[in-house]
Amino acid sequence: MRSFKAGDAFLNTFLYAGLALFGAMTLYPFLNLFAISFNDPLDTLKGGIYLLPRVWSMDNYGIIFSNDRLLGAFTLSIVRTVTGTALGILCTAMFAYALSLREFVFRNLFNGVLVLTLYVNGGLIPTYLLIKNIHLMNNFLVYLLPLLVNAFFIIIMRSYFESLPSGLTESAKMDGAGHFQTLFRILLPISLPVVATITLFVAVMHWNSWFDNYLYASRANHLSLLQYELMKILMSAMNQSAGSQAHVGESTVSVVTPQAIRAAMTIVVTVPILVVYPFLQKYFIQGMTVGAIKE
Amino acid sequence: MKSGINPASRRKATPSLLRKMLIQKELLLMTAPLITLVIVFNYMPLYGWIMAFQDYKVVKGVSGSPFVGFDKFVQLFQDDQFFLVLRNTLVMGFLNLIAGFIGAIVLALALNEVRVKWFKRSVQTITYIPHFVSWVVVANIAHMFLSPDGGLLNILLQKIGIIDQPFYFMAKSHWFWPIHTFLSFWKEVGWSSIIYLAVLSGINPDLFEAADVDGAGKLKKMWHISIPGLMPTAIILLTLSVGWIIQSGYESQFLLGNPIVLDYSEVLDLYALRYSFQIGDYSIGAAISIFKSVVSILMVLSINYLAKRTGSGRLI
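Residues numbered from 1 in each chain as written. Chains lettered and ligands numbered in written order. Predicted model: local features only at pLDDT ≥ 70, side-chain atom pairs only at ≥ 80, totals over all residues. Heavy atoms only, no water.

(A) Local environment of the overall build of chain A. In terms of helices and strands, chain A carries 14 helices and 0 strands. Reading the secondary structure of chain A in the N-to-C direction produces α-α-α-α-α-α-α-α-α-α-α-α-α-α. Out of the 295 residues in chain A, the part that is buried amounts to 51%. By sequence separation, contacts in chain A at least 24 residues apart represent 69% of the contacts at least 6 residues apart. Accessible surface, chain A as shown: approximately 13500 Å² in total, 67% of it carbon and sulfur. (Helix = DSSP H or I, 4+ residues; strand = E, 2+ residues; numbered from the N terminus. Buried < 20%, exposed > 50% of the residue type's maximum accessible area, 1.4 Å probe, protein only. Contact = heavy atoms within 4.5 Å. Areas by Shrake-Rupley, 256 points an atom, 1.4 Å probe, with all protein chains shown as cover.)

(B) Spotlight on empty space enclosed by the protein. Residues and elements named next belong to chain A. Scanning the entire structure with this criterion turns up 2 cavities of 30 Å³ or more. A volume near 40 Å³ is recorded for the second largest cavity. Looking at the second largest cavity, the residues that line it are G84, G88, T92, L147, L148, N150, F153, V202, M205 and H206. Going through the elements one at a time, α4 (68-100) and α11 (192-208) are the ones with two or more residues in the lining of the second largest cavity. Classifying every residue of the lining of the second largest cavity by side-chain character gives 5 nonpolar, 5 polar and no charged. (1 Å grid on protein atoms, 1.4 Å probe; cavity = no way out; pocket = protein on both sides within 12 Å on 5 of 7 lines; lining within 4 Å. Points joined across faces, edges and corners; volume = space filled by probe spheres on them. Nonpolar A, V, L, I, M, F, W, Y, C, P; charged D, E, K, R; others polar.)

(C) Spotlight on the pattern of salt bridges. Considering all chains together, one arrives at 15 salt bridges over all chains under this definition. D43 of chain A is the salt-bridge partner of R54 of chain A, the closest N and O atoms lying 2.9 Å from each other. A residue pair is termed long-range when its members are at least 10 positions apart, and R54 of chain A in the loop between α2 (41-44) and α3 (59-66) and D43 of chain A in helix α2 qualify at 11 residues. Using a relative accessible area of 43% as the deciding quantity, one classes R54 of chain A as partly exposed. The salt bridge partner of R274 of chain B is E266 of chain B, with a shortest N-O separation of 2.6 Å. Looking at R274 of chain B, the relative accessible area reads 29%, which means it is partly exposed. Judged by relative accessible area, which is 3%, E266 of chain B ranks as buried. (Salt bridge = Lys/Arg side-chain N within 4 Å of Asp/Glu carboxyl O.)

(D) Molecular detail of the UniProt feature "domain: ABC transmembrane type-1" (unreviewed entry) in chain B. Feature annotation in UniProt places "domain: ABC transmembrane type-1" (unreviewed entry) on residues 86-307 of chain B, given in this structure's numbering. As annotated, residues 86-307 of chain B comprises 79% helix and 0% strand, and the C-alpha atoms at either end are separated by 25 Å. (UniProt positions renumbered as here; feature names shortened; annotations may be inferred.)

(E) Structural view of the UniProt feature "transmembrane region" (unreviewed entry) in chain A. Residue and element names in this part refer to chain A. Taking the numbering used here, the UniProt-annotated feature "transmembrane region" (unreviewed entry) corresponds to residues 9-31, 70-97, 109-131, 143-161, 182-207 and 260-280. Each end of residues 109-131 is marked by a C-alpha atom, and these two atoms are 26 Å apart; helix forms 70% of the span and strand 0%. Secondary structure content for residues 260-280 is 100% helix and 0% strand, while the C-alpha to C-alpha distance between its ends is 31 Å.

(F) Quick look at the packing of helix α6 (residues 80-113) of chain B against helix α12 (residues 218-242) of chain B. Residues and elements named next belong to chain B. With their axes 10 Å apart at the nearest point, α6 and α12 run at an angle of 145 degrees to one another. By crossing handedness, the relation of α6 to α12 is classed as right-handed. Packed against α6, whose contacting residues are L97, F101, I105, L109 and E113, the element α12 presents K218, M222, S226, I227, L230, A234, L238, S241 and V242 at the interface. Of the residues in the contact of α6 with α12, the class split is 10 nonpolar, 2 polar and 2 charged. (Axes fitted to C-alpha atoms, helices over the stretch in contact; angles between N-to-C directions. Left-handed = near helix turned anticlockwise from the far one by under 90°.)

(G) Molecular detail of the confidence of the model for chain B. Residue and element names in this part refer to chain B. Considering every residue of chain B, the mean pLDDT works out to 86; 93% of them sit at 70 or more. This stretch, residues 1-5, has a pLDDT under 50; its non-local contacts, to residues over four places away or in other chains, come to 2 contacts. Segment residues 7-12: pLDDT under 50, and 1 contact once partners within four positions in sequence are set aside and those in other chains are kept. Overall fold confidence (pTM) sits at 0.88, and the ipTM for the predicted complex is 0.88. (pLDDT = per-residue confidence, 0-100.)

(H) How the structure looks around the domain arrangement of chain B. All names here are of chain B. Under the domain assignment used here, chain B contains domain 1 (17-64) and domain 2 (71-309). In this complex, domain 1 contributes 9 residues to the contact, which on the side of domain 2 involves 9 residues. Taking both sides of the interface into account, the surface hidden between domain 1 and domain 2 amounts to around 750 Å²; carbon and sulfur atoms contribute 72%. Three residues stand out in domain 1 for area buried against domain 2, namely W49, A52 and Y56, and they jointly supply 60% of the buried area on that side. Between domain 1 and domain 2 we count 1 salt bridge in total. Between K72 and D55 there is a salt bridge, and its shortest N-O distance comes to 3.6 Å. (Domains from an automatic or database assignment. Buried area = accessible area lost by both parts, 1.4 Å probe.)

(I) Here's a closer look at the interface of chain A and chain B. At the interface, 98 residues of chain A touch 93 residues of chain B. Summed over both partners, the interface of chain A with chain B buries about 8600 Å², with 77% contributed by carbon and sulfur atoms. Sorting the residues of chain A by area buried against chain B places Y16, L19 and I125 of chain A first, and these three jointly supply 8% of that buried surface. Applying the counting rule to chain A against chain B returns 0 salt bridges. Linking chain A to chain B there are 15 residue pairs in polar contact (both at pLDDT 80 or more). In terms of residues, the side of chain A that touches chain B owes the most to one element, helix α1 (residues 6-37) of chain A, which gives 18 residues. Class assignment of the residues belonging to the side of chain A that touches chain B gives a composition of 69 nonpolar, 22 polar and 7 charged. (Polar contact = N/O pair within 3.5 Å; in protein donor to acceptor, adjacent residues only side chain to side chain.)

(J) How the structure looks around a nonpolar patch on the surface. A contiguous nonpolar surface patch, about 420 Å² in accessible area, is contributed by F94, L95, I98, I102 and V106 of chain B. Here F94 of chain B shows up in helix α6. (Patch = residues over 30% accessible without salt bridge, like charges linked within 9 Å, V, L, I, M, F, W, Y side chains within 5 Å.)

(K) Summary view of unusual backbone geometry. Residue and element names in this part refer to chain A. In the Ramachandran plot, H135 falls in the positive-phi region, its phi being about 60 degrees despite a non-glycine side chain. By secondary structure assignment, the location of H135 is in the loop between α6 (124-133) and α7 (141-144). Given the relative accessible area of 64%, H135 is considered exposed. Despite not being glycine, N138 shows a phi value in the positive range, around 50 degrees. Locating N138 in the fold gives a position in the loop between α6 and α7.

(L) Region of the structure containing the UniProt feature "transmembrane region" (unreviewed entry) in chain B. Residues and elements named next belong to chain B. The feature "transmembrane region" (unreviewed entry), as given by UniProt, occupies residues 27-50, 90-111, 227-246 and 282-307 in the numbering adopted here. Annotation note: span residues 227-246, helix share 80%, strand share 0%, distance between end C-alpha atoms 28 Å. Between the end C-alpha atoms of residues 282-307 there is a gap of 38 Å, over a span that is 100% helix and 0% strand.

(M) Up close: the environment of V268 of chain A. Residue and element names in this part refer to chain A. Positionally, V268 belongs in helix α14 (residues 259-294). Sequence-wise, V268 and L168 are 100 residues apart; in three dimensions their C-alpha atoms are separated by 43 Å. Those residues in contact with V268, other than ones at most four positions away along the chain, are Y61, F65, F74, W207 and L226.

(N) View of the packing of aromatic side chains. Considering all chains together, one arrives at 45 aromatic pairs over all chains under this definition. Where F22 of chain A meets F185 of chain B, the ring centres are 6.1 Å apart and the plane angle is 75 degrees; that geometry is what we call edge-to-face. Here F22 of chain A, found in helix α1, pairs with F185 of chain B, found in helix α10 (residues 173-201), and the two come from separate chains. When its relative accessible area of 15% is taken as the criterion, F22 of chain A is described as buried. A ring pair is formed by F180 of chain A and F184 of chain A, whose centres lie 6.5 Å apart and whose planes are at 10 degrees; its orientation type is stacked. Here F180 of chain A pairs with F184 of chain A, and both are found in helix α10 (residues 179-187), just 4 residues apart, close to one helical turn. Here F180 of chain A falls in the partly exposed class, since its relative accessible area comes to 25%. (Phe/Tyr/Trp six-rings, centres within 6.5 Å; stacked < 30°, edge-to-face > 60°.)

Dropping the structure here:
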C-alpha cells in the first residue's frame, strides 16, 4: 500500500534532520551547563568546555553546599515544594470532587466564582497591597496560601472525575461511605494519571517560583529560595558585564560569581525536575488533553 | 432517593437551602475554606482598583485617601514612557503568540510524520524539558550563550567570520525583541505542540488511506488532511490567546532586561512595579491593572465579533 516517492524521501530527510537539530538545540545548553558545573572552576575560565568536563572536579558543588545561605535556600525550596504540593493536591482534589457532584448545592456558584478567576485578576500592585494588608509579607505562608486554589488544575481534575462512571460514587454512597471516604478511598486511588499530572504541575510551580520571594519576602533572608538566590547571582553578573552602575544590593554570595558556580547552581535547580518528569510524561499528556478537550 | 414524597414535604423541600446545606455539610467542609481563599486572593485585590481613582497614600489606606477622579489615568496617558512600555508589551505578546502558534503546529506536523518510535519519543521528551524549567534558568542559559566573553554564539559567529569583534547581544536594544521571542519559543514550543499532536492522532486514518490510494505524497496529505484537521482547534486556541497578549508575563523581561535596553524590554507590569516602588505612587500601579483588564476584555470581545462576522464560528 505504501507508495515511495522521491518527494517523500526528501521530505523525510528534511523532517528528521530538522527535528534532530531542534532537539539538539534544546538539549545542548543543559549538557553544556552540566559539563561546566563538573569542571574545575579555574580551568573553566580558559573557555572551550562543550560537552564534557576537561578537568573533573566537584568544587563547584562543594562551594554551593558549604555556603550556609545557599544550603538554607536549597532546604527551604524543598520544604516549600513538598508542603505546597501536598496541600495543593489535597485542596485540588477536594474542590474538584465537590464540583463534580451534580447534587452539590453550590456547584454552579462555586464553579462560576472559580472559572472567573481565569479571566479576572486584580493585578500586580493591588495584589501586593493586599498581601501587605493581611500581614503576609515576609511570612512563609505567602508562598503557600495564594497558590492553594488554582482554577486550571481544579478544572482538569474535575473533568477527570466526571469522566469516571457515576456508579462508583453511587455504590460508595449506598455502602454508607461519606464524601471524604468516597474521595480518598475510592476516587483518588483510581485517578492516578490525573493525580500524577497535577502533582507534577503543582510541584514545578512551587519549585520554580521566585517572583513571590522577590516581591513579598526579599527582606527575610531565612525565607530565601534557591531560584531567588540564582536570580540574584544572575542579575549581579549581568549588571557587572553590562557595565552599568546598577546597584546589586543584597547579593551576598560574592560580587562576581564565577560562571562555573552559576552553572552548578543552574544544574542544582534543574535536575530535580529532569529526574522526575520523564516518568510522568505519559500521564501528563493524557491529563493535559483530557482537561483541554473537556473544557 | 425520592422515596415517600408527599405533597407537604415537597412544598417544604423548595425553600430548604439550609437543610440541603446541612445534609451536604461534608461537601461544604471541603469547599468553604477554599472558596474563602479564592475570594481573598483573587477577588479582594479588585477592591484595590479604587486606588486608581485616588491619590493613594499607604498610611491613609484606601478608606482614607482622597478621590481624584480620572487624574491618575490622565497622568498615565501623558507619560511618554507609558506608550513605550505599552508598545513593548503588545509587540512582545504578539511576536510570542505568532511564533509559538506557527512553531507548535509545524512541530506537531513534523512529529506526526515520524514513524521511528524512539526518535519521536526522544524529540518529544527533550522539547518538553524547557517548559518545566524556570525563567531564571532560561535567562542564565541565554546569558551564557550570548555573552561577548566566551559565549558560544559569539565564538561560532567569529569562527565563521560573520563578525570579527565579540558582539554584546544583551546590551543592544534592537536585539531584545528577537532574543526574547526566540527564548520564549524555545521554552514553550514543545509543550504547546502536545495539544496539536493529540488532535492529529485523532484524525480518521481512512482519510490518509484514501489519499494513499489516490497517490498523494506526504506533503499533499499534510496540506489537504492534517492541516485542515488542525484548523478548528488552532483557530480557537489562537483566538483565546489574543485576549492574553496584553496580559502576558513579565518574569522573562525582568530577567533578560537590563538598564541599557530598558526602552525595549520594560512591560506594563514592570513599569507599574517601578512606579510604585521607586516613586511610591501605588495609584498608577492600580490604574495600569485596570487598563490591562479593560484592553484585554475589549480584545476578546472584538475578536469574537470579528469571528462571528466572518462566519468562522462563534468562539465564546
